[in-house]
Each structure stands twice: as C-alpha cells, then as structure tokens.
Amino acid sequence: MSAIDDLPPLRDVIATHGLSARKSLGQNFLLDLNLTAKIARQAGDLSGSDVLEIGPGPGGLTRGLLCEGARKVLAIEKDARCLPALAEIADRYPGQLQVIEGDALDIDPLEHLTPPIRVAANLPYNVGTELLVRWLTPPTWPPFWQSLTLMFQREVAERIVAQPGSKAYGRLAVLAQWRSDVRIVLSLPPEAFTPPPKVSSAVVHLTALPAPRFDADAAVLSRVVAAAFNQRRKMLRAALKGTAPDIEDRLLAAGIKPTDRAEQVPLEGFCALAREVAKG
Ligand code: SAM
C-alpha cells in the first residue's frame with residue numbers, strides 16, 4: 001500500500017484516534033489510499049471544483065480528493081471522534097479542507113461552497129438513498145452539483161442504472177436517469193472495506209444534464225413514480241388509484257396502457273404521466 005501523501009497510513013490513524021467502526025453510523029472504512037485516489041479520479045477533473053464529501057470518517061477518500069487536486073473539500077461528518085484525524089488532514093492542506101460536524105441531512109452545504117461543485121462520497125448506507133433522491137429532485141435544474149460520484153451497495157447501484165423491464169428498474173432509475181447520465185464506474189468486493197460489509201459495493205457516477213430529458217415537475221414525477229413502484233406487481237390503474245382522479249384517462253393520454261405494470265413504463269412515459277397528473 002503506497003502512500004499518496006506524507007500523512008500516516010489509515011490503519012495508524014484509526015488506532016491513534018480510537019476509531020473503532022460503529023455499525024449504527026454505517027461505518028465501513030476504506031483504508032487503501034490508492035483505492036481512494038482511484039475513486040477520487042472517477043469524479044473528474046477536480047482542480048477547478050469544490051467537492052462536497054459526506055461522511056469522511058478517518059479521511060481516506062478526503063485525502064484522495066485533495067491529492068487529486070480538489071480546489072476545496074467540504075466534509076460533513078456526524079461522528080465527532082473523527083474530527084482530530086480530519087484536522088490533521090486540514091493542516092496538511094491549508095485552506096483546502098473544511099470539516100463540519102453534524103448530520104448531512106440537516107446541513108445546507110451551499111453556504112460553504114463555490115460552484116462548480118462536485119459531490120464524492122462513500123456514503124453511510126442509512127442515509128445514502130435519501131441524500132441521492134434529494135440531490136436528484138430539486139424543483140429547478142441544473143442542480144448545485146455538476147457530478148455525483150457515490151459508493152453504494154451494489155444492489156442500489158444497479159437500481160440507479162436499471163432499464164425498463166428489469167427487476168431493478170424503479171423509482172431510483174427514473175429519478176436518476178431523468179436529469180443525469182448515470183454509469184457504474186467501479187465495483188468493490190466486501191474485503192475492500194474495514195470491517196467488510198455483508199455485500200459488494202459499487203461506485204456510481206452521475207453527470208447532471210443541462211436540462212431534463214423530458215419535461216415534468218419534479219415533485220409530481222416523484223410522487224407518481226413512488227406510487228407506481230410501491231405496488232409494482234399491480235396494474236397501473238390500480239397502483240395509481242389514489243394519485244389523481246380519472247387516472248385511467250390520464251394514463252391513456254400519456255400513451256400508457258392502464259393494464260401495464262410500472263416496470264414496463266419507460267422514463268418518457270412517466271414524464272408524460274406526470275404532466276397529465278399536474279393538469280389537476
Ligand atoms: N469516507 C470514509 C471512508 O471511505 O472510509 C467513511 C465511509 S463510512 C461508509 C460512512 C461515514 O459516514 C462514517 O464516517 C459515518 O460516521 C458517517 N455518517 C453516518 N451518518 C452520517 C450522517 N447522517 N451525516 C454525516 N455523516 C454520517
């Protein structure tokens with residue numbers, strides 16, 4: 001394991017600061033700095049960007065991002081035990097690393113960042129999907145971020161890039177592919193982490209499109225898609241019953257058979273349906 005900087009190896013950092021992993025915080029650390037630098041490289045050219053990192057932990061990915069030339073990293077970490085380790089990184093990269101202690105779900109990062117902004121994170125599994133959905137569904141587009149480079153459980157990564165007709169196709173695929181380009185860029189076995197989780201992981205890279213692929217209101221699309229996939233085995237006319245009056249007519253107007261199931265409807269169909277539902 002060769003070094004990417006002159007800071008101590010992550011195993012030593014963890015031992016020095018007593019950072020035993022806590023399951024309740026989704027703590028599975030990446031200790032191989034070559035791997036964290038590789039993940040940072042997937043985020044694109046960082047030299048002219050501020051980077052938002054959620055859950056830096058002992059700072060492996062943070063060090064990767066800084067070593068790959070990020071202009072500034074804003075790291076939001078809930079576990080106060082990690083702060084001294086992160087302070088050592090901040091000393092090594094003066095003025096380039098800002099750490100905020102707190103829950104990423106409660107903090108507005110935009111107060112601290114200057115565009116262009118990229119997001120890179122080995123996300124805590126318990127908040128990963130919620131953060132992703134938030135980042136994908138702001139009322140206006142383009143969003144604050146240019147790209148998201150995010151580690152997920154492999155199964156979640158597959159849901160993000162899934163195509164219609166597949167089991168993995170659902171709310172995440174529709175919301176992610178509506179306004180961004182998505183691809184899995186890296187697969188990692190459980191042993192890449194300390195402690196190893198039960199499942200494999202994958203890094204997904206999402207690039208924000210300048211405009212949505214199809215016109216729709218984010219809140220309405222989100223609501224329609226959630227209802228459609230909540231009861232994915234049901235025909236859409238039943239699954240969407242509570243969503244709007246005359247749902248069969250609206251489905252037909254959107255070019256969707258009311259007897260189809262959510263899994264069969266492409267992104268364009270959901271956007272057309274969201275427009276029909278928004279008519280009130
Ligand atoms: N980035 C580090 C790495 O790659 O080794 C740690 C990744 S670990 C999977 C997730 C990190 O997110 C932990 O450090 C955990 O304390 C932190 N975390 C968990 N919930 C959080 C939350 N709601 N807001 C901010 N950080 C959180």
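The structure we're discussing is the one just above.
So, here is what we can say about the structure in this document. (Residues numbered from 1 in each chain as written. Predicted model: local features only at pLDDT ≥ 70, side-chain atom pairs only at ≥ 80, totals over all residues. Heavy atoms only, no water.)

Turning our attention to the site of the ligand. Every one of the 21 residues lining the ligand counts as a neighbour, but Leu30, Gly55, Glu77, Asp103 and Asn122 are closest to it. Within the side chain of glutamate 77, an N or O atom sits 2.6 Å from an oxygen atom of the ligand. A total of 590 Å² of accessible area belongs to the ligand in isolation, and the protein chains cover 99% of it. More than half of the atoms belonging to the ligand lie within 2 Å of the grid points that define the largest pocket. Breaking the shell around the ligand down by element, the ones donating at least two residues are strand E1 (29-30) and strand E3 (72-77). Along the lines of polarity and charge, the residues of the shell around the ligand split into nine nonpolar, seven polar and five charged. (Near = heavy atom within 4 Å. Polar contact = N/O pair within 3.5 Å; in protein donor to acceptor, adjacent residues only side chain to side chain. Areas by Shrake-Rupley, 256 points an atom, 1.4 Å probe, with all protein chains shown as cover. 1 Å grid on protein atoms, 1.4 Å probe; cavity = no way out; pocket = protein on both sides within 12 Å on 5 of 7 lines; lining within 4 Å. Sits in = over half its atoms within 2 Å of the grid points. Helix = DSSP H or I, 4+ residues; strand = E, 2+ residues; numbered from the N terminus. Nonpolar A, V, L, I, M, F, W, Y, C, P; charged D, E, K, R; others polar.)

Closest axis-to-axis distance for the helix H7 (residues 171-179)/helix H8 (residues 218-230) pair is 9 Å, and the angle between their directions is 150 degrees. The orientation of H7 relative to H8 falls into the category roughly antiparallel. Taken as a pair, H7 and H8 cross one another with a handedness that is right-handed. Residue-level inspection shows Arg171, Val174, Leu175, Trp178 and Arg179 of H7 in contact with H8, the latter providing Ala218, Leu221, Ser222, Val225, Ala226 and Phe229. Grouping the amino acids of the contact of H7 with H8 by side-chain chemistry returns eight nonpolar, one polar and two charged. (Axes fitted to C-alpha atoms, helices over the stretch in contact; angles between N-to-C directions. Parallel < 35°, antiparallel > 145°, perpendicular 65-115°, else oblique. Left-handed = near helix turned anticlockwise from the far one by under 90°. Contact = heavy atoms within 4.5 Å.)

The two faces of the sheet receive side chains in turn, since in a regular strand these alternate between them. In terms of burial, strand E2 (residues 50-54) is largely enclosed, as five of its five residues are buried. A two-sided burial pattern is seen for E2, the buried positions comprising Asp50, Leu52 and Ile54 on one face and Val51 and Glu53 on the other. Pairing geometry for E2 and E3, over five bridges, is parallel. Bridging across to E3, aspartate 50 finds its partner in lysine 72. Note on the crossover from E2 through helix H3 (residues 60-67) to E3: the handedness is right-handed. Relative to strand E5 (residues 117-122), E2 is paired through three bridges, and the arrangement is parallel. The residue of E5 that forms the bridge with valine 51 is arginine 118. (Buried < 20%, exposed > 50% of the residue type's maximum accessible area, 1.4 Å probe, protein only. Pairing = 2+ DSSP bridges. Right-handed = clockwise from strand over helix to strand, strands pointing away.)

In the contact formed by helix H6 (residues 154-161) and H7, the axes pass within 6 Å of each other and the chain directions differ by 55 degrees. In this view, H6 runs oblique relative to H7, as classed from their interaxial angle. Like other packed secondary-structure pairs, H6 and H7 cross with a definite hand, here right-handed. In this structure, H6 uses Val156, Arg159, Ile160 and Val161 to contact H7, whose residues at the interface are Leu172, Ala173, Ala176 and Gln177. Among the residues making up the contact of H6 with H7, the classes are represented as six nonpolar, one polar and one charged.

A separate point is the side chain of arginine 63. Position of arginine 63 relative to the elements: it lies in helix H3. Polar side-chain contacts of arginine 63 include one of 3.3 Å to the backbone oxygen of leucine 7. Apart from residues lying up to four places away in sequence, arginine 63 is in contact with Ile4, Asp5, Leu7, Pro8, Leu10, Val13, Leu33, Ile89 and Tyr93.

What follows covers the pattern of salt bridges. Inspection of the entire model under this criterion finds twelve salt bridges. In this structure, the salt-bridge partner of aspartate 79 is arginine 81, at a minimum N-O distance of 2.9 Å. Close ionic contact of arginine 154 with glutamate 158 constitutes a salt bridge, the shortest N to O distance being 2.8 Å. Taken together, the residues span about one helical turn, with arginine 154 and glutamate 158 both in helix H6 at a distance of four residues. (Salt bridge = Lys/Arg side-chain N within 4 Å of Asp/Glu carboxyl O.)

The next subject is empty space enclosed by the protein. Applying the stated criterion to the full structure yields one cavity of 30 Å³ or more. Considering only enclosed or pocket space, the largest cavity measures out at about 30 Å³ in volume. The biggest single contributor to the lining of the largest cavity is helix H4 (residues 83-92), with three residues. For the lining of the largest cavity, the residue count by class is six nonpolar, no polar and two charged. (Points joined across faces, edges and corners; volume = space filled by probe spheres on them.)

Summarising the element assignment, aspartate 5 is placed in the segment before helix H1 (10-17). A polar side-chain atom of aspartate 5 sits 3.1 Å from the main-chain amide nitrogen of leucine 7. Dropping the residues within four chain positions of it, aspartate 5 is found in contact with Arg63, Arg92 and Tyr93.

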